[in-house]
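The primary structure of each chain is shown beneath.
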Amino acid sequence: MHNTSHFRPYRRKLLCSSIVAALAIPLSAHAQDEDREIEELVVTGSYIRNSSFNGASPVDTLEQEAVLNSGSINMGQFMRDLVYTANTDAVSNVLGGPGGGQDGNSAGFNLRGLGPSSTLTLFDGSRTVNSEEVVSIVPSIALSRMEVVLDGGAALYGSDAVAGVVNIIPIKEYDGIRTRTFYSRDDGGDFEEYKASMLWGRSWNNVNTVLAVEGSKNTPLKRGERSRYLRFDNDLFQDGPGGTYSSLETGDVLIDPSCGTFNEGNEDKGKNGNHPSGRPTTVNGGKCIFNYGQWIQYNRPQEEISVYSSTTYQATDWLELEAQVVFDHRVSTFITEPMSPVSSAWKPQVIMPANHPANPIGEALIPVSLRLFSGFDQGPKPSYVKNGSQWDESTYYTDRYKFGGRYDIGGSWTGETWFTHQQRRWSLKSYEGLADHVIAGLQGQGGPNGDQWYNPLLSSDPRSPYYEEGVTSNTQEVVDWLFAKGDRIRSRNRLMTFDSFVTGELWDFPAGPVQMAYGVHIRDSRAISKPDRPASLGNNISTSSGAGGPATIAPNSVDDSLVRSTFMELEIPILHNLSMQAAARYEKFEDIDLRTTTPKVAFRYEPFSNLAIRASWGEGFLAPAANQIGPIRLTNCGIERDGADPITGITLLGVESCVSTNPNLGEEQSVIKNVGFTWEPLDGLSLGLDYQEIDFDGRIVSPDSIDIVNEQFQRMLAATGRSPASYDPTPGSADRQAAEAWLDANPNPLLVRSPTTYGPTLFIEVPENVESVNVKVFDLNARYTWTSSNYGQFTFGLVGSYIDEYLLTTLDGIIDVNGLQNGETGKAPPLPKLKYNGSVDWFMGQHSARFVARYVDDVGFTDRAPITPITPGVVDSVERPTNVRHSWQVDTNYSYAMDSLFGFGQDVILGVGINNLFDWQPQRLPIPGGFETRLYDPFGRTLSFSMEVSL
């Protein structure tokens, strides 16, 4: 157990100091106002309660109704459609981009596309242990609203609030019972979502209690159910089952002789089971290509149960106590290929001997690249394979406890003190290939009795012309013997926080009182990660763990972080219509010996009663994680699943990729400047415009494998005077010889290459402060309400965001990524210059309806030129266009309110919604997923039905 004794005295000390500081205010004021009730008004962006100054920062409020009635398939889809977010996971795509795969299961806010870690997500004002799983923070029926601060908040909330702050505020007071059921499905019924929830609340004497319970379930959407995209999908395995081998005697490369020999009747790339024997190609010396996308899903199936409770107790007329409890249990299934690639670290031991009955040339063979099985009709395959795929079941447990209270101190002075304890655990049920079993099976020592051969070639499939029963065939017994089930807790995160602050008036100025807030904060966290069971024993053939002996067995990883901070905020009225906010926060990171002071200044000016002008300037920072700082050491090693090295043309499939800490890593620093106004020129009409600049320096980047090989390729081309279009990677060519000479003279410490083939054998991903990001953006918000005695009330809204500039400054210079798809780098997401949502809300008696039209601008591919995929004859002859086309989508919903339903209940609301009303389809592209999954989804038109009943 983690020793938290160092945390307790600081809790006591800071609690006492905050209370003593508050009690220093003259108590005579308390005597004058001792009967005043505590009134809470939460507005994220300021600790000074009941302040008219909160409008100095641009804040967007997302009410519960907007979330519940959106009809979105998942929370990621709802967040993705906000105009100021980017790169939010809404679709599952394991090869979704160089920056990492998309989960499509749970998502966090990603303001301005600067990364989820640059947006601080709070729950009821406190940090959360699962900030990137917004759907699991609170049941949707208990959500009051989400407040989004868009000009940063590090001066008040600390590290991570670079791009902004999102505060998820729950319902704390309710009287009665409210139930809600929700059902959604796509047009064709390929997937469905169910949700049932209940909210109960009651007040008696001095106690108020709220309890919410919610259960949900959704079914998968497989890629084979969207054939139009699967046909374009270029998620390709180079050397899948059967693979490519080299002779230990001659070094000659051999493509599995069965490659491409039994595809008859299964040539439609848009259907599951297509090309079961792969497709041969002569590109880069010859490969056997398998279509990866057919084995995985776009939408993860999951089941979730979430519970929230809040109890407040008015202990005295000056003290209110509160206790919150949240439990969440979510089971999410990742549908993927049945077997990951063999790690390059194990390949020297995975030898097919010359006397193997299925050896096609009678020489000992070593795999160049290999997967053990495909998913469809390959003779005996692992028994755990379901419908051609592997179903890995992840279970997430989250529990959160919050205790504390609000108190009157005297006069205008109030305070709050809170303690939270949170845990998040992730367990995984999966099947992993056992390295010693695979090696033994290739030597004829496989199976429970140690006397069976395992054949990894496609000749094990009865459809192969090289198949011979009893010689090349595998038995079900030996196939199942190769794998072991892993079922263990893979990670455990624990977070404890202590927050205490006081706020009140200091002095009276001619224009009004000077108000102040002062507070302290401590957070103590521990993150434990564990490898899967075979890897922990050094026996997982898909990782490097154990391949180099006992010293390489993956250990558990434990990272601790202790942070102490204090802040002060002032609101100073300069004139009756001009006020200033000044705030600063000091934060100390004990485990990495980092100290920061972060200021912010903001002004609000009202020259007229209907016009408010705001301006703010503030610094922000993002502290490196504890597991990023330290001496150079290789941890968290895995294997690459996709891509190719442009210098040699050799696949990256199975190449080791390890993370290393950096002893010299510093914090990311930012400056955010915002100026804007809100103008109400007419009754019912409100116009708002903000201009924002973000300068983000020292950005921490861990370049991934694609970034590393592409950067090395570009530098080689520049040094040798060659171009990407004419470069020939064929061994022995003039281009290849020049490239090899350059590689010998310019080794990259982050990339280890083979001394013979020059192919990558190890990537080292080291976090470094190597980038700057400069963003300039305009946000528009317009709203007009018109009421007619005959036609009801109409509210017209328009919100938009225009990116004027998005520059990356790297070691290679300044790169403009604005308006681009950015699929060649993990350093930036797709960045449409313009996004806007236009809406019409209508209310009349018992009827209400809402229409929303969403527009997303074009994004261009980086080179802006049409290209043919690098694997001719493998992907249908499709040229990639210059742009990803813009989109128009329309969502609508209608609600009807009744006093009861057939005499049952009261305040019954029936709702029906249609998302993507006109069934707009994303443009098909020869990229992973078949379309740009970071911007759009393949769900098509979806229908939803809901019913709310109050009892």
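Look a little higher up for the structure.
Residues numbered from 1 in each chain as written. Predicted model: local features only at pLDDT ≥ 70, side-chain atom pairs only at ≥ 80, totals over all residues. Heavy atoms only, no water.

Caption draft 1: Looking closely at the packing of aromatic side chains. What the rule picks out here adds up to 20 aromatic pairs. One aromatic cluster in this structure is built from Tyr47, Tyr157, Phe501 and Phe567. In this arrangement the basic side chain of arginine 202 is found over the ring face of tryptophan 204, its NZ or CZ atom lying 5.1 Å from the centre. Taking NZ or CZ as reference, arginine 330 lies 4.4 Å from the ring centre of tyrosine 396, over its face. (Phe/Tyr/Trp six-rings, centres within 6.5 Å; stacked < 30°, edge-to-face > 60°. Lys NZ or Arg CZ within 6 Å of the ring centre and 35° of its normal.)

Caption draft 2: Representation of the sheet that holds strand β5 (residues 164–170) within the structure. Taken together, the 5 strands give an open sheet; going across it, the order is β1-β4-β5-β2-β3, and neighbouring strands pair in mixed fashion. The strands lining the two open edges of the sheet, one partner per strand, are β1 (59–63) and β3 (126–127). The sheet contact formed by strand β2 (residues 119–123) and β5 spans 5 bridges and is parallel. Following the sheet pairing, threonine 121 is matched in β5 by valine 166. (Pairing = 2+ DSSP bridges. Helix = DSSP H or I, 4+ residues; strand = E, 2+ residues; numbered from the N terminus.)

Caption draft 3: The arrangement of the nonpolar core in detail. Tyr84, Leu114, Met146, Ile168, Tyr308 and Tyr806 are the most contacted members of the largest nonpolar core, which has 45 residues in total. Taken together, the elements giving at least two residues each to this core come down to α4 (75–80), β4 (143–149), β5, β8 (207–218), β30 (685–701), β33 (768–788) and β34 (792–810). Among residues more than four places away in sequence, those in contact with tyrosine 806 are Arg112, Gly113, Leu114, Val773, Asn774, Val775, Ile815, Asp816, Val817, Asn818 and Leu831. Listed in part, the 28 residues of the second largest apolar core include Leu254, Val385, Leu457 and Trp481. (Core = buried A, V, L, I, M, F, W, Y, C linked by side-chain atoms within 4.5 Å. Buried < 20%, exposed > 50% of the residue type's maximum accessible area, 1.4 Å probe, protein only. Contact = heavy atoms within 4.5 Å.)

Caption draft 4: Inspection of the side chain of threonine 417 at higher detail. Note on placement: threonine 417 falls in strand β20 (residues 413–433). Of the residues examined, threonine 417 reaches a relative accessible area of 10% and is grouped as buried. Within polar-contact distance, the side chain of threonine 417 engages the side chain of serine 500 at 2.8 Å. (Polar contact = N/O pair within 3.5 Å; in protein donor to acceptor, adjacent residues only side chain to side chain.)

Caption draft 5: Region of interest: the pattern of salt bridges. Here the structure, examined in full by the defined rule, presents 45 salt bridges. Two residues, glutamate 320 and arginine 406, come together in a salt bridge whose shortest N-O distance is 2.7 Å. With glutamate 320 in strand β17 (residues 319–336) and arginine 406 in strand β19 (residues 390–410), this pair connects stretches of sequence that are 86 residues apart. As far as burial versus exposure is concerned, glutamate 320 and arginine 406 are alike and both buried. Arginine 526 serves as the salt-bridge partner of aspartate 560, at 2.7 Å between the closest nitrogen and oxygen. Here the residue aspartate 560 occupies a position in strand β23 (residues 557–575), and arginine 526 occupies one in strand β22 (residues 512–529), the gap between them amounting to 34 residues. (Salt bridge = Lys/Arg side-chain N within 4 Å of Asp/Glu carboxyl O.)

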